[in-house]
Structures are given as structure tokens and as C-alpha cells.
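Tertiary structure, described
Residue-level listing of the chains:
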Amino acid sequence: MGCGSSKPPEHKPKQLQLKKYDRASVSCPAATAMRAALLIQRWYRQYVARLEMRRRCTWNIFQSIEYSGEQDQIKLYNFFGFLMDHFTPASSERNLISHIFRESEVFQDAEWEPYFCYKSIDVPDMYTGPHLTFPLTVNIITELVEAFKHKQHLHARYVLQLLGETWRLLRILPNINEVSTFHSKEITICGDLHGQLEDLLLVFYKNGLPSVETPYVFNGDFVDRGKDSIEILLILFAFQLVYPNDVHLNRGNHEDHIVNLRYGFTKEVLGKYRVHGKKILKLLQKIFSWLPLATVIDQKVLILHGGISDTTDLKLIAKLERNRYVSALRPPKRPQALSSSDGNARFSGGDWDQYSIVGRRRVRSLTHSNPASSRRELQRRSLQNYSTRTGHNVEEELRERRRWAGLSASCERIHDLPSSDSDPDSGEVLETDAEEWKQIVDMLWSDPMSQDGCIPNEVRGGGCYWGPDITEDVLNRHNLRLLIRSHECKQDGYEFCHNRRVLTIFSASNYYEVGSNRGAYIRLGPDLNPHVVQYQASRSTRELTLRQSVGRTERSALRALREQVFAHKSDLTSAYEEFDPEHTGVISMKHWAVATETVLQLGLPWRVLREQLVGDSTQDGIINYNDWFRELALMDPNTELAHTGLLETMYRHHSNLETIFRIIDTDHSGLISFEEFRQTWKLLSSHLKMEISDKAISDLALSIDFNKDGSIDINEFMEAFRLVDCSHAQILISMNGGTSPDPPQPSSPS
Amino acid sequence: WQNDSVQKKIRSAFDVFDHEQNQTVDVREIGTIIRSLGRFPTEAELHDVIAEIEEEEPAGFIRFEKFLPTMSRILMENKLRPVPEDLLLQAFEVLDQQKKGHLDPEELSRYLTQEGDPFSQEEMEEMLSAALDPEKNLIFYRDFVSMMTADEPW
């Protein structure tokens, strides 16, 4: 017994001195005091451990729902790719989505300026927001920040002007910024901000505004999820314009218009800029593609958003044309030189497996499919001209090739195509493209793991998991000392791993929920030893005790989990019934855990969660699942939802639905017509391999009261899915054209 | 019988920290796992357990196949057993020599950071944030004990 030898030196026990009290009258024998202290310590540590267990469970819930959403997004995207290949050009489904595959650089560089020109936009007299004059100065930016603090928006004219200047600057920057700490400058490095302006302001408050004396690196994921993404971008871009040598931005996986469709940035911009939002988004597409990919400090510290892989090669990365990779989810565009013969384009039945999750970790990733199919995949997903792909005969093929022969020599070629190709070098070019693309996806999407090796990151659906041996190898190969990355939320805002050679930094505090985590930033001086500073936005969260903070986050996570359960009620019931063939309504806990994981695929410790999730419907290791569902329905007063298969589907896939809506809504009006709604459902049902009859869709549309003016507001419609505590009632209320619900408070992330 | 459910409990707790789903957890989480299973080890007892289940070459992680038998035994034999709640209250009362019903944060801190298995500064601060009555700047330990001993510290 006694003091553990492993305690840090500063806690060597000292002789008990009771200075304030007269020893004689208050004698607490040393031995007794020690025993009492030991007891209290044992108890307290046990108490904290129980809290930590709950906190960790809660964290896992949020994280798995978050990553499952990302996986979902990529699956949906893959599905679109599949559609593009297999629907005829005339198909209306394809027309709905083909534009996102079209050349996004609609204009040649010389032409884009007039399109994005801000000059024709007038600022009305009644505009009370901030005004920008160029060239920007620190004072102007300070006013801009003040204005944002007061919830003002910057006028579209100034936005476009600022973005235009930013674009001009970015295109002359290299892929990898090289920064130095000469003059004893300390560099500050921030991680993910995700639209949380409060955190950025807190960093500026604690650390100072960016300046020549206070250089910064911002490591990607400035946008999505939070509600002030555009404001953060404008501030960061503005500072970069004023201090181009001292403010450095790295691209994150969320600096990607396809990801933005799902995670809120597109919606935010269109909401704040109803007239010019589309133009702003288009310009941002270009800007995102021009963001540098990494920053290196003193040639020793590598900073990038996601991570590395066993094939990471900075020389290659430095040379590639980064702006060709408009979205990391999509290989770069090439003129379509060849068609494949139909045989190659057709899927074998087995390929459908790609689109269904069998086990949690078996989603096909973008970069690690088997070589043969990855070639096919690249071919499938490249570009505009799909007419060359389907139903072609040789003559048409030749005609097509002749047409394209006039274009650049860098024609795409598929290795396993039986047809020959006129350009002997094009095979190589394809290799380079695929390789470059992989480098970028790995940089933006990868996560570290504790085992050695490098495996596909199937949880996210893109990039790798890389191990400490890979870190050693890559850092040594490039003569680097430290890798700083972001991409993953950490409870303390930062985390070292791989023998302290990798440091994750995450700057969005309270990311999952108020009190869920701290944010942090790094100060790096010439000695290149990282010094971490933590913070948490919102004074009230800092005052929460550990217990309160855990409790609050936990309630939020459990709510999110209950939603998932409810959304999958039919499938869960079927799964439970497999273990309960006589339909007694009860199953063992063990079976419940197995069945629940099979359906929900979240990789969560169901047995541990059982008590909080199932509560009363359980005793002695038996769970009455019908009672459970009834209880859940009581919490959400609308039991009718449970019986309407289509609504349940809608609820479950509302993120996908929203993504599809936004893609279909090409003019970004926020409105879709009944016909477009119908097409959306057909797309979704294809993706889910479900049968949905036209009649069912019509009925659904009627119940959402389309009749009023023939179109539905996407935002209003999707708001119905922002569930908090009651909500299912809200869906039906709003669907029945009743009084519109009060705007629900933001709930757990979707 | 009992054994099976004991194993499952251990498995569940272990899984929460098995981030890579490869039957290993970071050794630094073992204390939390053991405690969450209702055990009350001292720091020394914890180190003994870890020493028993560590790899030959300590590698920073613990494998489930080594953890399970040791933990099963602990549970079945009721080792590292809970401290009865009334003893916990008595412990506070012992420190409260004048029987005031409360303790000064300074005195409590002194005891807990210097005696027994000393708390780190951080642990002490964390405990104070939960235990301290902010208005009176005192620790009313009876309330605090109730909170700590509640079945689930909601």
C-alpha cells in the first residue's frame, strides 16, 4: 500500500503539516488520515471511471453516426456514378444528376471573370453591413470581424470581390507551402473549425489576430456543420490577402462542393445569399480546388488535413496540378477518348454488392478497390460524354475517337480494354492520374491507427488507416520530424500518437454537443516543439462539472441513437423475429445485441448501452422488443409513423434525400416541383434497391400537400427531419399542411 | 451460467475502448475498464493487475485474451471489492475532526494530494469542481458522498 511509485515526482508525499489547525486539539492520527484519504481516493477514481466509460460510449455513438454519414455520402456518390453509366442518355434520372459530373470549369479562365464579376452588383443604401474597400487593410478586416460578431452578413458584391482576389492569390501559391520560423516567430496552427465562428474568435482572442508577428496555418475543414462557414472563410481569406506570407490555408476534405451538398455549407450559402448564392458557390468550387494541399515548416514539420499513406510522396504532390481535383471524391476530368465495349461497362450481378454494406467495415473505398474494377470505376466516373459508353458499335466508336483525337494528347485509356488505342502514352497518363488522385484522397481523408501497416479506411469510405511504421517511413523518407494533422475530433482538442510523431489538432469545441470536447491550437517556435493551447467556447460549458457535461452529451447521443433505432424499426423487428420465430415478442439480450448491430451497423457496444437505450422493457437478460418500440413511440408521440413504411424510409434516409434534392435543384431555388420530387424518390429507391410505386409517391406527395403551388421548399421539408425531442408529430403536422412547426432546436448532427 | 454473463460484461466494457476492434486496448484505459466493472482497486493493486496481464515486452496495449481470465477471476472472487458507502462517509468524517459537517477545500486538497494514493492537481481540481459549494466555498461531504455512491452518477 501507500503511494504508487509511478506517480510523477511532484507528488511525493510530504509530512502532514496542519498549519492552520492546532495539532493538539485537532489531532487526526497520520495513519487514520492516510487510510481515510486512500478510501476517498479509491471511491473518487471509481466514480470518475464510471463517468469516463459513459463519456466514451457517448463519444462512440456520435462518431459512428458521423462516419456512417460520411460513408453514406460516398455510397450515394458511387451510386450516382453507377447511374451515369447505366442509364441511357435520354433517361430522365440521369439528366437530373448529370450536371454534377459535367465539367465544372464551365468557362475558360479568361471568361470566368465577367461571370463572377462583382461590379454589376449594387450595394443598396439600406445595407447596414460591413463595406470592403480594396486593397484590404487590417482595420477593414477588424471591422468585418466585428460585423460578423454582430451577426451581420457581408454583401454579395463584396463577397465576390473578396473571393475573386483570393482566387488570384491562390493560383500562384504552390501545392505545398513552405514556411519558416526565422526571426524567432512562433507559428500558430489551427485544426477543423467547421463553421464555428465562436471558436475562431476565441482563438483570435487568446492568441492574437493573424499578422506578421503572429503567423497562422489553418488546417482545413473551415466549412460544413456549423452555421457560420461562409463568415469563417471570408475572414480567413481576408487575412490571407493582407498577410499572404503569414497566413496559410490547407485544403480539408470538406473543401469540396460534393461534400458540402450534404453537410450544410451549400445550404448555408444559398440561405444567406438568395440571389447570388449560386455564383458564390461556383466561385468557391474553384477556390477550394486551388487551396494548397499542405504546409511544411522549416522543412521539418508537415501539416496537412487528413494524413498519409504508405505511398505518400511529397515530390509527386508538389508537382501535380491540384486545381484539377475539384472534388476529392471524383477523379480528375479528362476528355473522353474512348468508349469501352459494352461488356466492360456492364456490371456483373456481383458488383451490386459494392453498394450494400454487409459488415460495418466492408464498404468499398474509393481508392482501394481491386485493380481491375478500379480501372472500370475511373472510366465510369470520368466526365461529360457518356453517350460514347453505352450501346455503341464500332463505327460510332471510331467516329468518336477521331473527334477526340484533335484534343490534347492526355487521353484517358483503360488498360483492360480490348480495343486498341492510338496514343501509346495515354496508358501512362491514366496511371499518373490515378496515382495523383490517390495521393490527394489519402492526404485529405486518412486517419492514424495504432497497428502497423496501411489499410483502406472503410469507415469513412476514402483514404487509409496508417500505422506508426508508415509514419516513421514517410517522415524519414522526407527528412521530417513531425506530422500535424486534423480531421478527427478529439475530446481534449488534440492528441499525440505514433510515438509523438503525429499530432492531431482539432479546433471546433463542443463539436458533437455542448460540452462534448475542447478545441485546441498549437504554437510552434523555432525549436519545433509543439505547445498546445486548449479552450472551450461558451462560458457555461466550462462551468459544467464533468458529470453534468457527460450527462448532457450523453442524453444528446442517446437521443440520436433512439432516432436511428426508430428509423429502422421495420428492419429491426424482422431481425428480432428471426431469433423469436414464435413471435413471443421477447428475445435474449445476446440476440438483441447481435440483431441490432446487424441492422444498424454502427459498431457500438449494445450490451453496455442496453440499459439506457432499452430501459424498462428489459429484465433478467430478456428484452421485450415490442414494448420497447412502444416506449420509443411514446417518447415521440406519433405512432402512425411506425406504420408508414415510406415515411420511415424518408426519415431514415433524409440526408441522402436532401443531398439528392440539392443536386436536382440546379437553379438553387430551394424549391422542387412535384415531378422533381417524384424523380428524387425514384433515384433514392434505385439506390436503396427498393420498390416504390408511382402511386405511393403520389400519395406521399399529396400528404405533404404539394397541391398548393406545385412545389415544395426543400428547407422546410428537411426541417421536419431536424428532430429534437418530439418531432415525429412535427413531420406529420407539417405534412398535413397544418400549422408549421416551431423551428426545432439543432439536435445531434445528421 | 454466471460465468457466461460475467464474460459478456467484461467483453462489453473492453469493447468500448477497443477503438480498432482488434481485441486490444491502450494500457492506460485498463483502470477505467476495471473500475467500470464495479471494482475499487488502489493504484498499487491496479499496477499489479497490469503487470500480470501485460505483454512480455510491454507494448502499451493489453490484449483481451489476457485481460479476460484475470478480470473474470477478480469478479468471481469478488476481489478489489467496493468500499462500503458508510465507510466512505466515515472517511470524510475522520478528516472533519471538528465535526463541522463540511470541509475546507484547502484541507481536503492537502489530504488528498499528499496522502494515500495522491491525486494529481488535475484530479483534485476536478473533484473540487464537483464537490465544492461555490457560494460557501466549502465541501458538504455528506451530499458529495450521496452523489458519488448513487448507482449511476447521472
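Predicted model, so just to flag it, every value in this text is computed and none were measured. (Residues numbered from 1 in each chain as written. Chains lettered and ligands numbered in written order. Predicted model: local features only at pLDDT ≥ 70, side-chain atom pairs only at ≥ 80, totals over all residues. Heavy atoms only, no water.)

**Overview of the UniProt feature "domain: EF-hand" (unreviewed entry) in chain B**
All names here are of chain B. Residues annotated by UniProt as "domain: EF-hand" (unreviewed entry) correspond here to residues 5-40 and 83-118. Helix makes up 56% of residues 5-40 and strand 8%, with an end-to-end C-alpha separation of 20 Å. The span residues 83-118 is 58% helix and 0% strand, and its two end C-alpha atoms sit 18 Å from each other. (UniProt positions renumbered as here; feature names shortened; annotations may be inferred. Helix = DSSP H or I, 4+ residues; strand = E, 2+ residues; numbered from the N terminus.)

**Quick look at the packing of helix 5 (residues 156-170) of chain A against helix 7 (residues 229-242) of chain A**
Packed helices, taken two at a time, are described by the angle their axes make and the gap between the axes. Residue and element names in this part refer to chain A. Running from amino to carboxyl end, helix 5 crosses helix 7 at an angle of 55 degrees, the nearest separation of the two axes being 10 Å. In terms of their interaxial angle, helix 5 and helix 7 are classed as oblique. Of the two elements, helix 5 crosses helix 7, and the hand of that crossing is left-handed. Packed against helix 5, whose contacting residues are Val159, Leu162, Leu163, Glu165, Thr166, Leu169 and Leu170, the element helix 7 presents Leu234, Phe237, Ala238, Gln240 and Leu241 at the interface. Grouping the amino acids of the contact of helix 5 with helix 7 by side-chain chemistry returns nine nonpolar, two polar and one charged. (Axes fitted to C-alpha atoms, helices over the stretch in contact; angles between N-to-C directions. Parallel < 35°, antiparallel > 145°, perpendicular 65-115°, else oblique. Left-handed = near helix turned anticlockwise from the far one by under 90°. Contact = heavy atoms within 4.5 Å. Nonpolar A, V, L, I, M, F, W, Y, C, P; charged D, E, K, R; others polar.)

**Notes on helix 4 (residues 138-149) of chain A**
Owing to its 3.6 residues per turn, the α-helix aligns residues three or four sequence positions apart on the same side. Given a rise of 1.5 Å per residue, twelve residues ought to cover 16 Å, and the 16 Å separating the end C-alpha atoms of helix 4 of chain A matches this to within 8%. Downstream of helix 4 of chain A by a residue or two, Lys151 of chain A has a phi angle that is positive, lying close to 65 degrees. (Expected span 1.5 Å × (residues − 1).)

**Comments concerning the packing of aromatic side chains**
Residues and elements named next belong to chain A. Tallied over the entire structure, the rule returns 23 aromatic pairs over all chains. A centroid spacing of 5.2 Å and a plane angle of 45 degrees characterise the contact between Tyr576 and Tyr625, whose relative ring orientation is tilted. Placement of Tyr576 in helix 19 (residues 569-579) and of Tyr625 in helix 22 (residues 625-635) is noted, with a sequence separation of 49 residues between them. A relative accessible area of 0% places Tyr576 in the buried class. (Phe/Tyr/Trp six-rings, centres within 6.5 Å; stacked < 30°, edge-to-face > 60°. Buried < 20%, exposed > 50% of the residue type's maximum accessible area, 1.4 Å probe, protein only.)

**A closer look at the confidence of the model for chain B**
All names here are of chain B. Predicted confidence across chain B gives a mean pLDDT of 86, with 96% of residues reaching 70 or more. Helix 2 (residues 30-36) holds the highest mean pLDDT among the elements of chain B, 93, whereas helix 1 (residues 2-17) holds the lowest, 83. Confidence estimates for the predicted assembly give a pTM of 0.70 and an ipTM of 0.93. (pLDDT = per-residue confidence, 0-100.)

**Some words on the UniProt feature "domain: EF-hand" (unreviewed entry) in chain A**
Mapped onto the present numbering, the UniProt feature "domain: EF-hand" (unreviewed entry) falls on residues 652-687 and 692-727 of chain A. When the span residues 652-687 of chain A is considered, its composition is 72% helix and 8% strand, and the gap between its end C-alpha atoms is 14 Å.

**Describing the sheet that holds strand 6 (residues 301-303) of chain A**
All names here are of chain A. Here six strands make up an open sheet; going across it, the order is 1-5-6-10-12-11 and the pairing mixed. If you trace the sheet from one side to the other, it starts and ends with strand 1 (176-179) and strand 11 (494-497), each paired once. Pairs of neighbouring strands in the sheet enclose a mean axial angle of 20 degrees, with direction left out of account. Pairing analysis gives three bridges linking strand 5 (residues 294-297) to strand 6, with the strands arranged antiparallel. When the bridges of strand 6 are listed, Val296 appears paired with Leu302. (Pairing = 2+ DSSP bridges.)

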